[in-house]
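Results of the structural survey
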Amino acid sequence: RCCLRLIFLTSLFSSACSQGTRFVYSAALDADGRYNIKWGFDESTITFEVEVETRGYIGFGLSPTGAMSSSDIVIGGVLNGSPYLLDYYTDSNRKVHKDALQSYQLLYGRENDTHTVLAFSRNLQTCDDNDKVITGSTVRVIWAFHAEDVGVSGPVYHGTNRGRKSLRLLNPGTSSSIPAGTAFFDLQNEEVPVPHKDTTYWCQIFKFPELKKKHHIIRIEPMIQKGHGNLVHHILLYQCDSNLNKSEINRGHECYHPNMPDSFFTCETVLFAWAIGGEGFTYPPHAGMSIGTSIDPVYVQMEIHFDNPSLQRGIVDSSGLRLYYSPSLRRYDAGVIETGVWVSLYHMLPPGMQDYITEGHCTQECLQESLDSEMPSGIHVFAVLLHAHLAGRAIRARHFRQQVELQPLASDDQFDFNFQEFQPLSQERIILPGDSLITECRYNTKGRMNMTWGGLSTRDEMCLSYLLYYPRVNLARCESLPEITGQLKFIGVKEIQEPVITWPFVIKSPKKYSNLSFTEAMDKYKWTRKRGKAFNDIVRKLPMNVRCSKIGQDEWSIQGMIISPPELKSEQTSAAVVACRNVSEIQCGCSFVLLLTACLLLILQTCLHL
């Protein structure tokens, strides 16, 4: 009877634990599929299962940069039929140390003739300085394996069996699952010769399929030519004027070029955005992009940003997008709003800065006018794409109501330029008339000698957030840009040459800047870290130019107005990281169950031998 009770209790506790370790998500960490992970999580714990093509040890880690230094690592395997797992960390010199606090719990391990499988769990916040806190931000996962198990002297060097991959472990994106047989069409370049220059934006106009009735696009995914994963930086899809010159359909041309055909300039409203490292996006079951009606897109422009810093020659690209569409209509038509800093040279970052912050405002005035007119009950945001370039380190899409801050729409404190995709919101957020938004970007320019300018190149900068929402309204862009006068005043500019006939415009006085363009003057100024911080403080308080545009080339009346940044209250702190002083109150979960189960099994074995 004693044994039966123990068996029942063991089963009960094991069942309780397994319910919290369901593997919902998966990823291949290497291109050849030799290293695969599955994972699941709850409010306090994350659980992994790794399957690797080796009979030796497996290494899995979390890195601040994607490199080996200062990483949180776990190493394990199966030796003589018994699984093992040890918690390690690396210092700034990449030396491996065994962690005094073993935060990872081995759940099970097994191996066959070719593969090893390990499952383990840990708390999201371990309160160990050698462990990385796991949040909803981007996580740079590093991996390694070796043919030999860990010996007495520790793990031997893994050699070339290593790599890195950026993931959002707690916000992993949308499922690629759609009904079998769903119709699709492709928007695809045909052997575009990529110029041997640093940055190229290539545009081509396409016509959507002619449909007799309304359909919804339910999924969009990239088609990146094999081997061009680092070349194709992002793809934007714009709606064009339905009365454009039909002869320009399917024609490609370099974007933003003086000789670009006129029709290309009518394509201004963003329909979809994809960026490097991202997968496809599946719309939620109740919303989709409408096509086939009189107000829907007929002609679209696909803009592809080619990033070619090594100036390679002879590259030909045939990348594009695949769009899945269905006659089974969803309840709502989805739209996209571009928010953040209006892309311009007036968005500038001094060199040598560890932390420089810029803010792009989607103002209360813009949302009041547009939503009062279109949707007084508000719109529902269901996904956000945060976008910056190489200097970007962190981005937040902040949300305010009556000047009081709510939780961010989306945030990424570990932004990775090479991993940008739409983040689905765990709970949809209503944006009401009179709300306001700030896209806040944090940059690092420590290695740069000159100013960084807002612009199209990856060496330039952007600070944008694209909001996917429903129901669709007539608002395409909601952005801001700090006034240039106050920025020039900081470096001592007194007068510019007028009338303005050149771009960038030219400085008249003082003498030290005379006949220099404003960009040259900014570069000539002797920047220090202290001056850069003072400049940053001033820019964030300057009056700003508001951009509030409709679909197409029309504008709301607030467009172009100069207003001061609002006085905002009570900035929220992230609830993702549990304070360490409270951890003891929440650590009575699965790790306790595993310990108790192990104890019960030990007692059971003793009982069976009686």
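This structure is a prediction, so every number in the text was calculated from the model and none was measured.

Brief notes about the confidence of the model for the chain
Where the model shows low pLDDT, its predicted coordinates should not be examined in detail. Residues with a pLDDT of 70 or more make up 90% of the chain, whose mean pLDDT is 87. Here residues 583–595 is modelled with pLDDT under 50, and outside its nearest four sequence neighbours on either side it reaches 15 contacts, counting other chains as well. Considering only residues more than four positions removed or in separate chains, one finds that residues 601–610, a stretch of pLDDT under 50, has eight contacts.

Let's talk about the pairing of strand S9 (residues 116–123)
With eight of its eight residues buried, S9 lies for the most part within the structure. As judged from the eight bridges shared by strand S3 (residues 45–52) and S9, these two strands associate in the antiparallel manner. Note that in S9 the partner of Thr47 across the bridge is Ser121. Note that strand S8 (residues 105–111) and S9 share six bridges and pair antiparallel. Bridge pairing in S9 places Arg110 opposite Val117. Hairpin connection from S8 to S9: four residues lie between these consecutive antiparallel strands.

Some remarks on helix H2 (residues 364–374)
Taken together, the buried positions of H2 are occupied by Cys366, Leu367, Ser370 and Leu371. Down the axis of H2, the sector holding all buried residues measures 95 degrees, keeping them to one side. As for H2, its buried residues are in contact with strand S27 (356–362), strand S28 (379–388), strand S32 (423–431), strand S33 (436–443), strand S36 (477–482) and strand S39 (544–549).

Comments concerning the domain arrangement of the chain
With domains assigned, the chain is organised as domain 1 (25–167) and domain 2 (184–563). Measuring from the centre of the C-alpha atoms in domain 1 to the corresponding centre in domain 2 gives 37 Å. Each partner contributes to the interface: domain 1 provides seven residues, whereas domain 2 provides seven residues. Of the roughly 600 Å² buried between domain 1 and domain 2 on both sides combined, carbon and sulfur atoms contribute 35%. For domain 1, the biggest contributors to the area lost against domain 2 are Ser137, Thr138 and Arg140; these three give 64% of the whole.

Brief notes about a positive patch on the surface
Taken together, Lys512, Lys524, Lys526 and Arg531 make up a surface patch of like positive charges. Following the sequence through the fold, Lys512 ends up in the loop between strand S38 (507–509) and helix H4 (518–524). Take Lys512: its relative accessible area is 49%, and that puts it in the partly exposed class.

What counts and how
- Residues numbered from 1 in each chain as written.
- Predicted model: local features only at pLDDT ≥ 70, side-chain atom pairs only at ≥ 80, totals over all residues.
- Heavy atoms only, no water.
- pLDDT = per-residue confidence, 0-100.
- Contact = heavy atoms within 4.5 Å.
- Buried < 20%, exposed > 50% of the residue type's maximum accessible area, 1.4 Å probe, protein only.
- Helix = DSSP H or I, 4+ residues; strand = E, 2+ residues; numbered from the N terminus.
- Pairing = 2+ DSSP bridges.
- Arc of directions from axis to C-beta.
- Domains from an automatic or database assignment.
- Buried area = accessible area lost by both parts, 1.4 Å probe.
- Patch = residues over 30% accessible without salt bridge, like charges linked within 9 Å, V, L, I, M, F, W, Y side chains within 5 Å.
- Areas by Shrake-Rupley, 256 points an atom, 1.4 Å probe, with all protein chains shown as cover.
- Salt bridge = Lys/Arg side-chain N within 4 Å of Asp/Glu carboxyl O.
- Lys, Arg positive; Asp, Glu negative; His and termini not counted.
- Charge placed at Lys NZ, Arg CZ, Asp CG, Glu CD.

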